[in-house]
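As a plain string of letters, each chain reads:
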Amino acid sequence: MIKPRTPPGVMELLPRDQIAFQQMLDTIRRNFERFGFLPIETPVFELSEVLLTKSGGETERQVYFVQSTGALANAAESGGATPEMALRFDLTVPLARYVAEHEHELSFPFRRYQMQRVYRGERAQRGRFREFYQCDIDVIGKDALSVRYDAELPAVIFAVFSELAIGKFTIQLNNRRLMRGYFESLGVADAALQMAVLREVDKLDKRGADHVRETLTGEGFGLSGEVVEKILGFVQIRSTGHADALARLDALGQGGEDLNLGVAELRQVLEAVKALGVPETHYALNFSIARGLDYYTGTVYETLLDDYPQIGSICSGGRYENLASHYTKSRLPGVGISIGLTRLFWQLREAGLVDTAESCVQVLVSQMDEARLPAYLAIASELRAGGLNTEVQLEPRKLARQFQYADRAGIRFVVIVGEDEEARGVVSVKDLRRAEQFEVARGDLARTLKVELEQARAMGAASDPAS
């Protein structure tokens, strides 16, 4: 007999945790659509030559390649070759292929959201997954894209995490062009060296100033101690409000073209973020944020839970100049963010910030007398027509065991109809949450239970702490 076990690196949930996860997905989707983003899906696998075009060796080592014995056999029989395919490792490369392929069928700026699983050959460990959901939005322009779109994404982030109600959060912003301009003012002008420095200072909050200082002054960088101290002073700048953020930009003064343009872009983003209604307590400058990926060119974002910084960024992204340069001659600049929902859900659950959800089944119609089963089925049909998710107890059981089943399954209401209730035209309802039982006229059952559920939702929303 084979022992049942899940493969390493996957998150498999019990139903009520799966419901909680699904509710988070629904909340994210609802807010993406509220801001005018359109859904797309791409295949779980792509042609390897497409998927790995802009990937280095490190990425390729994490890719799952697809081998179909059926496809290989068919190709051998026909004397041809089957193209090599691989599972997608993010949603950005498939998006680049999608936009390039459908460029002449899309309206620009193209606003898309995508919520699908991706696959990486990570070393299996707690909180790191080989299969996980990413929830992405991007705005892609044709030839040009206003920096105003960079400001819209923090408004989306604010809407999503406010509704998720997982605690106070701060959207931290920076600009890669500004950082490169500042480095250039210190004599760090080589583009490759600038990118290497960007990657190191991005580790500041995780590894500390001493580690970054030692790396930048050491072999491979060789920067002077004076330059490194200025870099460290710069990247430790944080703002504490909207006016303070603008003042810190002013304090940078005038410099080269990149520095001036980066400051102007970040100022425009901050002003638009405020105009979009994001409270200034929920966004701030953080000059250490660079994002590790080389293709970011302007605004970059990371979002942190204030009381749980150890969780790391719960939503990140940024601006890039040409999404699909490997697939089309058209210039397609864009800006996007990504929520790694599987890892986020796992971390929130570990921190006790996500409760097990109630069942998506709201009502159980119990069986008191097998001879009355047709009546129970009719009641269930009426409840479903009234908008209530309803299960019927189809096999004879003691009533106590039916209550126990409903309680363990997270079903709130149990409907009870015996000979006495049927004679009086009423039904009894056991509310397991309140441990109360009441009677209601048969014709009013669906309406009464819907009112009870709506009142409970309203009370739950009112009791949630403000994000």
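Preceding this section is the structure that the text describes.
The model shown is predicted, which means the values in this text are computed figures rather than measured ones.

Inspection of the entire model under this criterion finds 31 salt bridges. Here Arg-34 ties to Glu-163 by a salt bridge, and the two come within 3.8 Å at their closest N and O atoms. On the criterion of sequence distance, the pair formed by Arg-34 in helix α1 (residues 15–34) and Glu-163 in helix α6 (residues 148–164) is long-range, its members being 129 residues apart. By relative accessible area, which is 33% here, Glu-163 ends up partly exposed. Ionic pairing is found between Arg-319 and Asp-150, a salt bridge with its closest N-O pair at 2.7 Å. Here Asp-150 lies in helix α6 and Arg-319 lies in strand β10 (residues 315–320), a separation of 169 residues in the sequence. Asp-150 carries the same exposure label as Arg-319, and that label is buried. One network of salt bridges, with partners in common, ties together Arg-412, Asp-431, Arg-434 and Glu-452.

Judged by how many residues are buried, strand β15 (residues 426–431) sits mostly within the fold: five of six residues are covered. As defined by bridge partners, strand β14 (residues 413–416) adjoins β15 across four bridges and the pair is classed as antiparallel. Looking at β15, one finds that Val-415 is bridged to Val-429. Here β15 folds back onto strand β16 (residues 436–441) in antiparallel fashion, the turn holding four residues, of which Ala-435 has a positive phi close to 55 degrees.

Looking now at the state of the cysteines. Applying the stated rule across the entire model yields zero disulfides. Sulfur of Cys-315: no disulfide; nearest cysteine sulfur belongs to Cys-135 and is 9.6 Å away. By relative accessible area, which is 1% here, Cys-315 ends up buried. Cys-360 carries a free sulfur, and the closest cysteine sulfur to it, the one in Cys-135, is 20 Å from it. Exposure remark for Cys-360: the relative accessible area of 48% places this residue in the partly exposed category.

Here the focus is unusual backbone geometry. The amide bond that connects Phe-108 to the next residue, Pro-109, takes the cis arrangement and shows omega of 0 degrees. Here Pro-109 lies in the loop between α5 (92–101) and β5 (110–119). Even without being a glycine, Asp-143 presents a positive backbone phi close to 75 degrees. Relative to the helices and strands, Asp-143 is located in the loop between β6 (131–140) and α6.

The next subject is the side chain of Gln-367. Mapped onto the fold, Gln-367 is located in the loop between β12 (363–365) and α15 (373–385). One polar contact links the side chain of Gln-367 to the main-chain carbonyl oxygen of Leu-394, over a distance of 3.4 Å. Residues within four places of Gln-367 in sequence aside, it is in contact with Leu-373, Tyr-376, Gln-393, Leu-394, Glu-395, Pro-396, Arg-397 and Gln-402.

To continue, consider the sheet that holds strand β3 (residues 65–66). Across the sheet, three strands lie side by side as β2-β4-β3; this open sheet has antiparallel pairing. Two strands bound the open sheet, and with one partner strand each, they are β2 (45–47) and β3.

The next thing to look at is the packing of helix α7 (residues 176–185) against helix α13 (residues 257–275). Orientation of α7 relative to α13, taken along the N-to-C sense of each, is 150 degrees, at an axis distance of 7 Å. The angle between the axes of α7 and α13 places the two elements in the roughly antiparallel class. Two packed elements cross with a definite hand, and for α7 against α13 that hand is left-handed. Listed contacts from α13 to Arg-177, Leu-178, Gly-181, Tyr-182 and Glu-184 of α7 are Asp-258, Leu-259, Leu-261, Gly-262, Val-263, Glu-265 and Leu-266. Within the contact of α7 with α13, the residues separate by chemical class into six nonpolar, two polar and four charged.

Criteria and thresholds
- Residues numbered from 1 in each chain as written.
- Predicted model: local features only at pLDDT ≥ 70, side-chain atom pairs only at ≥ 80, totals over all residues.
- Heavy atoms only, no water.
- Salt bridge = Lys/Arg side-chain N within 4 Å of Asp/Glu carboxyl O.
- Helix = DSSP H or I, 4+ residues; strand = E, 2+ residues; numbered from the N terminus.
- Buried < 20%, exposed > 50% of the residue type's maximum accessible area, 1.4 Å probe, protein only.
- Pairing = 2+ DSSP bridges.
- Disulfide = S-S within 2.5 Å.
- Polar contact = N/O pair within 3.5 Å; in protein donor to acceptor, adjacent residues only side chain to side chain.
- Contact = heavy atoms within 4.5 Å.
- Axes fitted to C-alpha atoms, helices over the stretch in contact; angles between N-to-C directions.
- Parallel < 35°, antiparallel > 145°, perpendicular 65-115°, else oblique.
- Left-handed = near helix turned anticlockwise from the far one by under 90°.
- Nonpolar A, V, L, I, M, F, W, Y, C, P; charged D, E, K, R; others polar.

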